[in-house]
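Here's the letter readout for the chains.
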Amino acid sequence: MSNAKDKRIKKLRKKRIWPSVLGLFLILLLFSILIFLALGVACLDVVQRKINQSSHRSDGIAGLYEEYNENNAEQIHASVLTYMDLEKEIATVAVTGKDGAQIWSSDGTYPDAGKMAEFERGESTLDSGIQMLIEEDAEQIFSDEGNTLVINSDIIGKLDLVSLFAQGEILSDSGEISLLQLKVWFAVPGDEWNVFVLNHIHVYASDLLMLIVTLVLFAIMIGIFAIYYIISFISVIVSMRRTDKIIYTDVVTGGDNWLYFVKKGTSLLKKNRGNRRKYAMIHLRMHKYRSFCTCFGVQEGEELLEKFYYALKKKLNHKEAMAYHENAEFGLLLYYTDKEQLAVRIEELRETLNGVLPGMKMYFCFGVCQVEPGQKDVEQLYNNALIACEIMGEDTENKIAFFDEEMNKQKLWERKVEDEMDRALANKEFKVYLQPKISAVEERLAGAEALVRWIHPTDGFIPPNKFIPIFENNGFILKLDDYMIEEVARQQAQWITEGRRIVPISVNVSRAHFTREDLAEHICSIVDKYKVPHNVIELELTESAFFDDKEVLLSTVKKLRDYGFPVSMDDFGAGYSSLNSLKELQIDVLKIDADFFRGENVEERGMLIVSEVIDLAKKLNMKIVAEGIESREQVDFLIEQECDLIQGYFFAKPMAVEEFVEKYKE
Ligand code: C2E
Ligand code: CA
Ligand code: CA
C-alpha cells in the first residue's frame, strides 16, 4: 500500500475519535478544577468564620483580666475556667506579665513565663512543639506540626488561610466527623500582661453541608455532560468499527479484503519475534476463471470465489491470514515447519478447493515465497509468490512453484536494467552489431541484420535477450528501436559518402510500436535526417504483431512500403499460424525461423515445410531469408530450394561495425 493511501485510511479512522476524547478530557479537567475551587473557597470561608468566633472568645477572656489585681485574681481565674468549660474549643489560657513572668495558666504548667518571653522574641519552642520564629512585627506563625499562632485578633483578616487549610489535621471526634481540626493561638496584649489563648477549632462536616449540596448539583451537571460525551465516544467507536468493517471487507467474497490482509500479515510478521514461526506467502490462482464465468455467468463466478474464500478460511489458524486479491487470485500467509509439510498442506488446500464444486475439475497454481527472517513487506512477498507462479507459466496447472534466489536475481537484474537504461542510451552504450545475409546463389554479402548489444561500462558485453524482454515490458524498446534505426541510417549515410557499396540493413521493430498510428511517418522522419534512400533500410516485424491491432499493422506496413522501405516478417513459423497472416499482409521478405532447421524430424518434415513455404513465398512475390543456418548441408538444401538469402553462424555471427567493414571491405 502506498504511504499516501495508508495515511488517508488512517485519517479516515482517526479523525473522528479525537474530538470526543478531547471533549471528555476537558470536561473532566474542568470538573476537577471547579470541585477544587469550590471546595477551597467553601472551606476557607468556614475556617475564616470559625477563627473570627475564636478571636472574639479570646477578647472575652482578655476582657475578664481588665480589672485584674492580687485581690480578685482567684475570682477571675475561676471565671476563666468556667468560661473555658462553656466554650469547649478553648484548650489552654495563659497569662504573663510584660516582664515575661507567668501570672496564671489554666493547666498550671504551660506555657511558662520564660518560654512565653522567648516565644515573643521568636527564640523558643513551646512544649507542644510550636516553633517560634517571630520576626519583628510578625503577626502569624505556622509551626512544623501545622499549628498556627495568631498574635492579635484584629489581624485575623490577614491570615494565610490557604496554608492554614492545607495544614489542618483530619480526625474523628466522638461520633462526629471532624473534617479538620486546627490549633490556633491568640495572644491579646493587655496593659500589664498578655493573655494567651489556645483554641482548638473544629470544622465539621455539617459546616460544609452547603458546600456538599452545591458540589452534588454541580457534579450532576458535569455528570450529564460526561455521560453525553461518553455516549458520543462510544458511538464514535461503534461507527469506527463500522468504518473498519467497510474498509476491510472484500466486495467479492464478503470476507477480509486485501487491505486487511496486508495489515494483518504485516503485524503477524512483525510480532514473529525471534522467528519462532516460519511463514510462507502463497499466491493461489484458479486457472480459467474467465472461462468459468463465460459458461456460468459472472454472478456464479463470484459466488464460487466466495465459497473458495470460506472453505480456505476454515483451514487457517488464527495466526495466519488470507484474502482475495483479484482475478481469481488469493493471498495466504501460512506458517509451516518444513518444505514437505508445507507442500502437503497446500495439497490439502487444493483438495478443499476442489471439494467446493464436486464433479467439476478445477485447476489451481500455487506460487510460494518462504519468508526470510526480517522480511515484513507483505506486498513484496506476495509479488515474489506471484512471480514464482508466473515463471511456471499458464500451462502448468496444479503445480506448486517455490520462489527462489534465481527469480530474485532476475528481479534485481530487471531493476538494474531499468535504473540504467536511460543513462546507457544517452551514453551510447548500445551498439549496433551486424550479421551478414549471404545470397544463396553467389554466396556473397547481400544484406545484414542490425542486432543490438549493450556494452556496459562495468558488466561488459550484454546480449539482447538479457534486456530486450525487459524493454518490451516497460516500453523502453520504443526508444531503443528508434535509436537503432537512426544509428543504421547514420551508418548507411556515412558509407554512401565514403563511396562504398552498400547492402540493405534490416532493423528489428518491436510489436510495441504498432500501437502508434503514425509509426510510418515517425520512422520516415528518423531516416530522412540522414538523407538515405529508403530501400537500404529494411524493417523486420515479428509475426506476433499481427495479433495486436490488425488494422494499424496493415495500414502501417502499407505506408512503410509506399515510402519505399522493404518490410520483412521475422521468425516466420515460430509458434503462430503463419500462413493466414500472409494472406492479408503484403510484405517484401519472409524470414524463415531458425526452429525449422533444429530439433527432431528436421530431415523429413522440417525440410518439406521449408520447401513448401519457399514455394509459396515465391508465388506471393516475396524474397526468402533463412535464419540460424549453421551447417553446409542446410546451405546446400536452401540453395537447392532457391532460397534467396541465408543468415546464420555458418557464414558469420553478428559482429561490430568495424569488424563488418574489415571483413567485407569491397
Ligand atoms: P532475431 O531478430 O530473430 O535475431 C536473430 C537472432 O538469432 C540473433 O540473436 C542472432 O545472433 C541469432 N542467430 C543468427 N544466426 C544464428 C545461428 O546460426 N545460430 C544461432 N543459434 N543463432 C543465430 P540475438 O542477436 O541474440 O538477438 C536475439 C533477439 O533479440 C532477436 O531475434 C530480436 O528479436 C531481438 N533483438 C536484437 N536486437 C534488437 C533490436 O535492436 N530491436 C528489437 N526490437 N529487438 C532486437
Ligand atoms: Ca530479426
Ligand atoms: Ca528472427
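Before any of the text, the structure's been laid out above.
Predicted model only: the values in this text are computed from it and were never measured.

Asker: For a positive patch on the surface, give the residues involved together with the corresponding values.
Answerer: A surface patch of positive charge is lined by K271, R273, R276 and K319. Note on placement: K271 falls in helix 7 (residues 258–271). Given a relative accessible area of 57%, K271 falls into the exposed group.

Asker: Describe in detail the coordination of the calcium ion (ligand 3), supporting the description with residues and values.
Answerer: Distances from the calcium ion (ligand 3) to its protein donors, namely D570 (OD), D571 (OD), E627 (OE) and E627 (OE), fall within the range 2.2 to 2.5 Å. Motif for the calcium ion (ligand 3), donor spacing along one chain: D-D-x55-E. The metal-metal distance between the calcium ion (ligand 3) and the calcium ion (ligand 2) is 4.0 Å, with D570 serving as a donor to both. Residue D571 is found in strand 18 (residues 567–572), and its partner E627 is found in the loop between strand 20 (623–626) and helix 19 (632–640); the two are separated by 56 residues along the sequence. The exposure class assigned to D571 is partly exposed, which follows from its relative accessible area of 26%.

Asker: Which residues make up the nonpolar core, and what values go with them?
Answerer: By size, the foremost hydrophobic cluster in this structure holds 80 residues, and its most contacted members are F430, F467, F471, L480, L590 and L638. If one sorts the elements of this core by residue count, helix 14 (residues 477–497) sits on top with nine residues. Setting aside residues up to four positions removed in sequence, L590 forms contacts with M569, F572, L582, V613, A617, M622, K623, I624 and V625. Core analysis: the next-biggest nonpolar cluster, separate from the first, contains 32 residues, V252, F292, L353 and F402 among them.

Asker: Give a description of the pattern of salt bridges that names residues and reports values.
Answerer: Counting across every chain of the model gives 29 salt bridges. Put simply, K529 and E486 hold a salt bridge, and the shortest N to O gap is 3.1 Å. With K529 in the loop between helix 15 (519–528) and strand 17 (537–542) and E486 in helix 14, the pair connects residues that are 43 residues apart, well separated along the chain. Relative accessible area serves as the criterion here: at 52%, K529 is assigned to the exposed category. A relative accessible area of 22% means that E486 is categorised as partly exposed. Close ionic contact of R516 with D518 constitutes a salt bridge, the shortest N to O distance being 2.9 Å.

Asker: Report on the state of the cysteines, specifying residues and quantitative values.
Answerer: Under the definition given, this model contains one disulfide. A sulfur-sulfur distance of 2.3 Å marks the disulfide that ties C365 to C389. The sign of the 130° torsion about the S-S bond sets the C365-C389 disulfide as right-handed. Of this pair, C365 sits in strand 11 (residues 364–370) while C389 sits in helix 11 (residues 378–392); the two residues are 24 residues apart in sequence, bridging distant segments of the chain. Relative accessible area serves as the criterion here: at 1%, C365 is assigned to the buried category.

Asker: Lay out the sheet that holds strand 9 (residues 321–324) in plain terms, naming residues and giving numbers.
Answerer: Taken together, the five strands give an open sheet; going across it, the order is 9-10-8-11-12, and neighbouring strands pair in mixed fashion. Here the strands that pair on one side only, and so sit at the sheet edges, are strand 9 and strand 12 (400–402). Along the sheet, successive strands turn relative to each other by an average axial angle of 20°, direction set aside. One ladder, built from eight bridges, connects strand 8 (residues 278–286) with strand 10 (residues 329–336); its direction is antiparallel. Bridge pairing in strand 10 links I282 to L332.

Asker: Go over the packing of aromatic side chains, please, and point to the residues and values.
Answerer: Within this structure, the stated rule accounts for 20 aromatic pairs. Taken together, a centroid distance of 5.5 Å and an interplanar angle of 55° make the contact between F467 and F471 tilted. Assessed through its relative accessible area of 0%, F471 is described here as buried. Measuring from ring centre to ring centre gives 6.2 Å for W495 and F660, while their planes differ by 25°; the resulting arrangement is stacked. Linking W495 in helix 14 with F660 in helix 20 (residues 657–663), this pair joins segments that are 165 residues apart in sequence. Members of the aromatic cluster, joined through ring pairs, are F430, W454, F467, F471 and F476.

Asker: Explain the coordination of the calcium ion (ligand 2) to me, using residue names and the numbers behind them.
Answerer: Ideal geometry at a metal gives 109.5 degrees between four tetrahedral donors and either 90 or 180 degrees between six octahedral ones. Every protein donor of the calcium ion (ligand 2) is accounted for by E449 (OE), N508 (OD1), E540 (OE) and D570 (OD), and the metal-donor separations fall at 2.2 to 2.3 Å. Mapped onto the polypeptide sequence, the residues donating to the calcium ion (ligand 2) form the spacing pattern E-x58-N-x31-E-x29-D. According to the relative accessible area criterion, E449 is buried, its value standing at 3%.

Asker: Summarise helix 7; cite the residues concerned and give the values.
Answerer: The periodicity of an α-helix, 3.6 residues per turn, causes residues three or four places apart in sequence to face the same way. End to end, helix 7 covers 20 Å across 14 residues, agreeing with the expected 20 Å (1.5 Å per residue, within 8%). Backbone nitrogen of L259 and a side-chain oxygen of the N-cap are separated by 3.2 Å at the start of helix 7; the cap is N257.

Asker: Account for the site of ligand 1, with residues named and values stated.
Answerer: Taken together, 22 residues sit near ligand 1, with Q435, R453, D481, E630 and Y649 positioned nearest. At 3.0 Å from an oxygen atom of ligand 1 is found a side-chain nitrogen or oxygen belonging to D570. Placement of ligand 1 is best described as lying within the largest pocket. Sorting the residues of the shell around ligand 1 by element identifies strand 14 (445–456), helix 14 and strand 18 as the ones contributing at least two each. The element best represented in the shell around ligand 1 is strand 14, accounting for four residues. For the shell around ligand 1, the class distribution of residues is nine nonpolar, five polar and eight charged.

Asker: Break down unusual backbone geometry for me, citing the residues and quoting the values.
Answerer: Although it is not a glycine, E443 adopts a positive phi angle of roughly 50°. We note that E642 has phi near 60°; this positive angle belongs to a residue other than glycine. With respect to the helices and strands, the residue E642 is situated in the loop between helix 19 and strand 21 (645–646). E642 sits in the exposed class, given a relative accessible area of 55%.

Asker: Outline the packing of helix 8 (residues 289–296) against helix 9 (residues 298–314), listing residues and values.
Answerer: How two helices pack is summed up by the angle between their axes together with the distance between the axes. The geometry of helix 8 relative to helix 9 is characterised by a closest axis approach of 7 Å and an angle of 130° between their N-to-C directions. With respect to helix 9, the element helix 8 is oriented oblique. Counting all contacts with helix 8, which are made through Y289, F292, C293 and F296, the residues of helix 9 involved are V298, E300, G301, E302, L304 and L305. The residue inventory of the contact of helix 8 with helix 9, partitioned by class, reads seven nonpolar, one polar and two charged.

So, how was this worked out
- Residues numbered from 1 in each chain as written.
- Chains lettered and ligands numbered in written order.
- Predicted model: local features only at pLDDT ≥ 70, side-chain atom pairs only at ≥ 80, totals over all residues.
- Heavy atoms only, no water.
- Patch = residues over 30% accessible without salt bridge, like charges linked within 9 Å, V, L, I, M, F, W, Y side chains within 5 Å.
- Areas by Shrake-Rupley, 256 points an atom, 1.4 Å probe, with all protein chains shown as cover.
- Salt bridge = Lys/Arg side-chain N within 4 Å of Asp/Glu carboxyl O.
- Lys, Arg positive; Asp, Glu negative; His and termini not counted.
- Charge placed at Lys NZ, Arg CZ, Asp CG, Glu CD.
- Helix = DSSP H or I, 4+ residues; strand = E, 2+ residues; numbered from the N terminus.
- Buried < 20%, exposed > 50% of the residue type's maximum accessible area, 1.4 Å probe, protein only.
- Donors = N, O, S within 2.8 Å, 3.2 Å for Na, K, Ca; no water.
- Core = buried A, V, L, I, M, F, W, Y, C linked by side-chain atoms within 4.5 Å.
- Contact = heavy atoms within 4.5 Å.
- Disulfide = S-S within 2.5 Å.
- Pairing = 2+ DSSP bridges.
- Axes fitted to C-alpha atoms, helices over the stretch in contact; angles between N-to-C directions.
- Phe/Tyr/Trp six-rings, centres within 6.5 Å; stacked < 30°, edge-to-face > 60°.
- Expected span 1.5 Å × (residues − 1).
- Polar contact = N/O pair within 3.5 Å; in protein donor to acceptor, adjacent residues only side chain to side chain.
- Near = heavy atom within 4 Å.
- 1 Å grid on protein atoms, 1.4 Å probe; cavity = no way out; pocket = protein on both sides within 12 Å on 5 of 7 lines; lining within 4 Å.
- Sits in = over half its atoms within 2 Å of the grid points.
- Nonpolar A, V, L, I, M, F, W, Y, C, P; charged D, E, K, R; others polar.
- Parallel < 35°, antiparallel > 145°, perpendicular 65-115°, else oblique.

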